[in-house]
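Commentary on secondary and tertiary structure
Okay, here's what each chain looks like letter by letter:
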Amino acid sequence: KKLTVSLDHCQYPIYIGKGILAKLPEVLQEAGMTFRRKLFIISDSHVAPLYSKQVQTVLEKAGYEVGMAIVPAGESSKNLQQLEHLIGECLRFGLDRQSVIIALGGGVIGDLAGFVAATYMRGIPFIQIPTTLLAHDSSVGGKVGVNHALGKNVIGAFHQPMLVLYDVETLNTLPKRELISGFAEVVKHALIWDPSFIKWLEQNSEELMALHAEKISEAIYRGCQVKVAVVSQDEKEVGLRAILNYGHTIGHALEAVAGYGVYTHGEAVAIGMAGAVRLSTKVLGTDKQVVVKTEKLLHAFELPTQYNPSHVTDELLLQAMKRDKKVRNDEYSFVLTSDLGSVELVRGIHEEQIRTILQEIRGGK
Ligand code: NAD
Ligand code: ZN
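Here is a short report on the structure shown in this document.

Conventions we followed
- Residues numbered from 1 in each chain as written.
- Chains lettered and ligands numbered in written order.
- Predicted model: local features only at pLDDT ≥ 70, side-chain atom pairs only at ≥ 80, totals over all residues.
- Heavy atoms only, no water.
- Helix = DSSP H or I, 4+ residues; strand = E, 2+ residues; numbered from the N terminus.
- Rg over C-alpha atoms; globule rule 2.2 N^0.38 Å.
- Buried < 20%, exposed > 50% of the residue type's maximum accessible area, 1.4 Å probe, protein only.
- Phe/Tyr/Trp six-rings, centres within 6.5 Å; stacked < 30°, edge-to-face > 60°.
- Lys NZ or Arg CZ within 6 Å of the ring centre and 35° of its normal.
- Disulfide = S-S within 2.5 Å.
- Donors = N, O, S within 2.8 Å, 3.2 Å for Na, K, Ca; no water.
- Pairing = 2+ DSSP bridges.
- Near = heavy atom within 4 Å.
- Polar contact = N/O pair within 3.5 Å; in protein donor to acceptor, adjacent residues only side chain to side chain.
- Areas by Shrake-Rupley, 256 points an atom, 1.4 Å probe, with all protein chains shown as cover.
- Salt bridge = Lys/Arg side-chain N within 4 Å of Asp/Glu carboxyl O.
- Axes fitted to C-alpha atoms, helices over the stretch in contact; angles between N-to-C directions.
- Expected span 1.5 Å × (residues − 1).
- Contact = heavy atoms within 4.5 Å.

Turning next to the overall build of the protein chain. A count of helical and extended segments in the protein chain gives 13 helices and 11 strands. Over its C-alpha trace the protein chain gives a radius of gyration of 20 Å, about what one expects of a compact globule, namely 21 Å for 365 residues. When its C-alpha atoms are laid out on the principal axes, the protein chain stretches across 60 × 40 × 40 Å. Within the span of the protein chain, comprising 365 residues, buried residues form 57% of the whole.

Attention shifts here to the packing of aromatic side chains. All told, the structure shown has 3 aromatic pairs when counted by the stated rule. Plain terms: the ring middles of Phe40 and Phe93 are 5.6 Å apart, the flat faces sit at 40° to each other, and that makes the pair tilted. Pair noted here: Phe40 is in strand 3 (residues 38–44) and Phe93 is in helix 3 (residues 80–93), with a separation of 53 residues, a long-range link. When its relative accessible area of 2% is taken as the criterion, Phe40 is described as buried. The ring of Phe93 carries Lys38 above its face, with NZ or CZ at 5.2 Å from the centroid.

A full pass over the atoms with the stated rule returns 0 disulfides. For the unlinked cysteine Cys224, the closest cysteine sulfur is that of Cys10, found at 16 Å.

Okay, unusual backbone geometry next. Backbone geometry places Arg122, a non-glycine residue, at a positive phi of 60°. Tracing the chain through its elements places Arg122 in the loop between helix 4 (107–119) and strand 6 (126–130). Note on Arg122: relative accessible area 78%, which makes it exposed. Non-glycine residue Leu211 carries a positive phi angle of around 60°. Positionally, Leu211 belongs in the loop between helix 7 (195–209) and helix 8 (213–233). Under the relative-accessibility criterion, Leu211 is labelled buried at 17%.

Now for the coordination of the zinc ion (ligand 2). Ligation of the zinc ion (ligand 2) by protein atoms is provided by Glu185 (OE), His248 (NE2) and His265 (NE2), these donors lying 1.9 to 2.1 Å from the ion. Written as a sequence motif, the donor arrangement for the zinc ion (ligand 2) is E-x62-H-x16-H. Of the two residues, His248 sits in helix 9 (residues 248–258) while His265 sits in helix 10 (residues 265–283), which places them 17 residues apart along the sequence. Exposure class is identical for His248 and His265. Each is buried.

Turning next to the pairing of strand 9 (residues 163–167). The buried count for strand 9 comes to 5 of 5 residues, which makes it a mostly enclosed element. Pairing geometry for strand 2 (residues 11–17) and strand 9, over 4 bridges, is parallel. Bridged to Ile16 within strand 9 is Tyr166. With 2 bridges connecting them, strand 6 and strand 9 associate as parallel partners. In the strand pairing of strand 9, Ile127 is matched with Leu163.

Turning our eyes to something else, we now look at the site of ligand 1. Around ligand 1 lies a shell of 26 residues, among which Glu75, Gly107, Thr131, Thr132 and Thr173 are the nearest. Between ligand 1 and the protein, one listed contact pairs an oxygen atom with a side-chain N or O atom of Lys152 at 3.1 Å. In isolation ligand 1 offers 870 Å² of accessible surface; the protein chains occlude 89% of this area. Those elements that provide at least two residues to the shell around ligand 1 are helix 2 (47–61), helix 4, helix 5 (135–138) and strand 8 (151–158).

Now for the pattern of salt bridges. Within this structure, the stated rule accounts for 24 salt bridges. Glu30 is paired through a salt bridge with Lys2; the nearest N and O atoms lie 3.8 Å apart. You can see Glu30 sitting in helix 1 (residues 24–30) and its partner Lys2 sitting in strand 1 (residues 2–6), a full 28 residues away along the chain. Linked through salt bridges whose partners overlap, the residues forming this network are Glu315, Lys322, Glu351, Glu352 and Arg355.

What holds strands together in a sheet is hydrogen bonding between their backbones, with the strands either parallel or antiparallel. Strands sit in the order 1-2-9-6-5-3-4 across an open sheet of 7 strands; the sheet is mixed. Each edge of the open sheet is held by one strand with a lone partner, namely strand 1 and strand 4 (65–71). With strand direction ignored, the average angle separating the axes of adjacent strands in the sheet is 15°. Of the strand pairs in this sheet, strand 3 and strand 4 are connected by 7 bridges, and their pairing is parallel.

With that out of the way, let us pick up helix 6 (residues 176–193). End to end, helix 6 covers 26 Å across 18 residues, agreeing with the expected 26 Å (1.5 Å per residue, within 8%). The buried count for helix 6 comes to 14 of 18 residues, which makes it a mostly enclosed element.

Positionally, Val186 belongs in helix 6. Overall, Val186 belongs to the buried group, its relative accessible area being 0%. With 112 residues separating them in the primary sequence, Val186 and Gly74 have C-alpha atoms 21 Å apart. Excluding residues that lie within four positions of it along the chain, Val186 makes contacts with Leu133, His136, Phe197, Leu201 and Ala219.

The structure is reproduced here in structure tokens:
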């Protein structure tokens, strides 16, 4: 399957399928790459032992000169020290402005390697080879960056990849909890945009959880389709793109307050979506059935819809939401559901309303 991202200043393809890693040289040629260009793989300590050899071999066989750097797996590698280290590795390997960086891994590697590409010699091209389900979200759209001790993703850039190659076979080695985390963003893409995608997810949840190759390709395709539709209308997040933060206001607060790692990103966002849809009934008068259906869909992917109050207090959550860049003055902004498959950004939400919702979504494990 192939999807094309069309932006004002560039255009790039997303390839999705089973066993397509082997096709990498072909798609590089299609993108106009010549063998004289150097390629540099950036991966992490979990993914590299599983897939880097395969990628390297297929590229070397096709005639490319290939280098590689591996960083420790996990969010803690997304920092300025790693950036500097990786730029050193790029220099040592002799990458020039015609060279291409290959991000082989999940969202952490995509963001980090993408930011290396965005900053190395004022920007060189890069390719995304996502290996997590969550990365169907992060590999598309061009947001790249690293964390600062005082905030997540606060150092970054917009830098679009030259192509995305998604081999769904790599998902077979992904730990179950990471897979489930990724489904939260798939479900999010359906909930914000596409009622027919919601229905399809309901009908296919079992096969998707079992990683049926064709179904999972379809889910990624449709999820990317939503992301592409939103990003192509608002690349730099001046308006519409904010809806991609559905579930993330409470979700980010939960991740930060509970401590990173207690909840996966997807678990936190799932709880955040449950909060947002409940808040929608209060603020927009959304039908209660929409809450029931949303939570049922999340549960079908074994995602939580409540948080465990022994991890966090409402007070800390509210404080964290206030620190979030999406909260202005004392007014909270939330992406809320008007109906299944459509959302809108609502400003000026009062703290009292949020407190009520936090009461409703506490109690989970
Ligand atoms: P991740 O990259 O840390 O991957 C999760 C874990 O799975 C890691 O331990 C990794 O080593 C391992 N792993 C990855 N692929 C594997 C495979 N095929 N087999 C076995 N293990 C594998 O995390 P993630 O959930 O993919 O991404 C989270 C990151 O994405 C966060 O840093 C977040 O900020 C970022 N993100 C960015 C955007 C964006 O638009 N740029 C959007 C959403 C999330
Ligand atoms: Zn997210």
